[in-house]
Amino acid sequence: MSFTLPDLPYAYDALAPYMSRETLEYHHDKHHLAYVNNGNNLLKGTEFEGKSLEEIVKGSFGKNAPLFNNAGQHYNHLHFWNWMKPNGGGAIPGELEKKIIEDLGSVEKFKEDFIAAGVGQFGSGWAWLALKDGKLIVAKTANGESPLVSGATPILGVDVWEHSYYIDYRNRRPDYLKAFVDHLVNWDYVAELYSKAV
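Described below are features of the structure shown in this document.

1. Points about the packing of aromatic side chains
Then, number 1: Throughout the structure, instances matching the rule amount to 12 aromatic pairs.
Then, number 2: Summarising the aromatic geometry, the rings of phenylalanine 110 and tryptophan 187 are spaced 6.0 Å apart at their centres and angled 70 degrees between planes, so their arrangement reads as edge-to-face. Of the two residues, phenylalanine 110 is situated in helix 5 (residues 107-120) and tryptophan 187 in helix 8 (residues 187-197); the sequence distance between them amounts to 77 residues.
Then, number 3: Judged by relative accessible area, phenylalanine 110 falls into the buried class, the value being 1%.
Then, number 4: Given a relative accessible area of 2%, tryptophan 187 falls into the buried group.

What follows is the structure, encoded as structure tokens:
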């Protein structure tokens, strides 16, 4: 299976003022495209040719770092564009909200912990809401890693590489994360991934 760059599911300016057209043009058209092109080149002639993206990510982890880095980032970004929507944030669908409260204490506590994970990730990486052994967890990973490689299913992730926020927020990563949680998250997509995971 070769990698392809998906179109954004909204216009480039649709997430403003929380994420600008310029950020999306650079992030999607340049950074994500580079992961796709590099990933395709690195995939050629390997045992992973013809496998699904999830199989490539899990299989190359710890074995083929260049391929893993690009495949992992492709996987993360395929979801990242869908984890956001114009006029996002807001109410969390019922079943998922119930599970967040049950496993993480409260919606507010989850949001605080999720933002703290993103702020606390030293250097490049991601913050996550994932399902592991039937329970929701908040996690953070470095670079292109995701909870997928530790036996969990990511249902929400936020990119804290500087190219994700520096144009709009400069070094104010906490402000970017708060804006993401309050105004960008596409909870319907998160709920859909949660339903599939359970």
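Now that the structure has been shown, the text picks up again.
2. Quick notes on the packing of helix 4 (residues 94-104) against helix 8
Then, number 1: Interhelical geometry of helix 4 versus helix 8 gives an angle of 75 degrees and a closest axis separation of 9 Å. Regarding the angle of helix 4 to helix 8, the classification is roughly perpendicular. Here Glu95, Leu96, Lys99 and Ile100 of helix 4 come into contact with helix 8, specifically with Trp187, Val190, Ala191 and Tyr194.
Then, number 2: Classifying every residue of the contact of helix 4 with helix 8 by side-chain character gives six nonpolar, no polar and two charged.

3. Description of helix 1 (residues 21-43)
Then, number 1: Compared with the 33 Å implied by 1.5 Å per residue over 23 residues, the 31 Å span of helix 1 between its first and last C-alpha is a close match.
Then, number 2: Maximum bend of helix 1: about 25 degrees, positioned at leucine 33.
Then, number 3: Against helix 2 (53-60), helix 3 (65-82), strand 3 (153-159) and helix 6 (166-169) lie the buried residues of helix 1.
Then, number 4: Two residues or fewer after helix 1 comes glycine 45, characterised by a positive phi angle close to 75 degrees.

4. A few points about the pattern of salt bridges
Then, number 1: What the rule picks out here adds up to 10 salt bridges.
Then, number 2: The closest approach of N and O atoms between aspartate 188 and lysine 85, which form a salt bridge, is 3.7 Å. Of the two residues, aspartate 188 sits in helix 8 while lysine 85 sits in the loop between helix 3 and helix 4, which places them 103 residues apart along the sequence.
Then, number 3: One network of salt bridges, in which partners are shared, links Asp13, Arg21 and Glu25.

5. Focus: the pairing of strand 3
Then, number 1: With six of its seven residues buried, strand 3 lies for the most part within the structure.
Then, number 2: Bridging between strand 1 (residues 125-132) and strand 3 involves six bridges; their strand directions are antiparallel. Looking across to strand 3, one finds that tryptophan 126 is bridged to aspartate 159.

Rules used in this analysis
Residues numbered from 1 in each chain as written. Predicted model: local features only at pLDDT ≥ 70, side-chain atom pairs only at ≥ 80, totals over all residues. Heavy atoms only, no water. Phe/Tyr/Trp six-rings, centres within 6.5 Å; stacked < 30°, edge-to-face > 60°. Helix = DSSP H or I, 4+ residues; strand = E, 2+ residues; numbered from the N terminus. Buried < 20%, exposed > 50% of the residue type's maximum accessible area, 1.4 Å probe, protein only. Axes fitted to C-alpha atoms, helices over the stretch in contact; angles between N-to-C directions. Parallel < 35°, antiparallel > 145°, perpendicular 65-115°, else oblique. Contact = heavy atoms within 4.5 Å. Nonpolar A, V, L, I, M, F, W, Y, C, P; charged D, E, K, R; others polar. Expected span 1.5 Å × (residues − 1). Bend = angle between axes of the 7 residues up to and from the residue. Salt bridge = Lys/Arg side-chain N within 4 Å of Asp/Glu carboxyl O. Pairing = 2+ DSSP bridges.

Taken by themselves, the reported measurements are silent on function.
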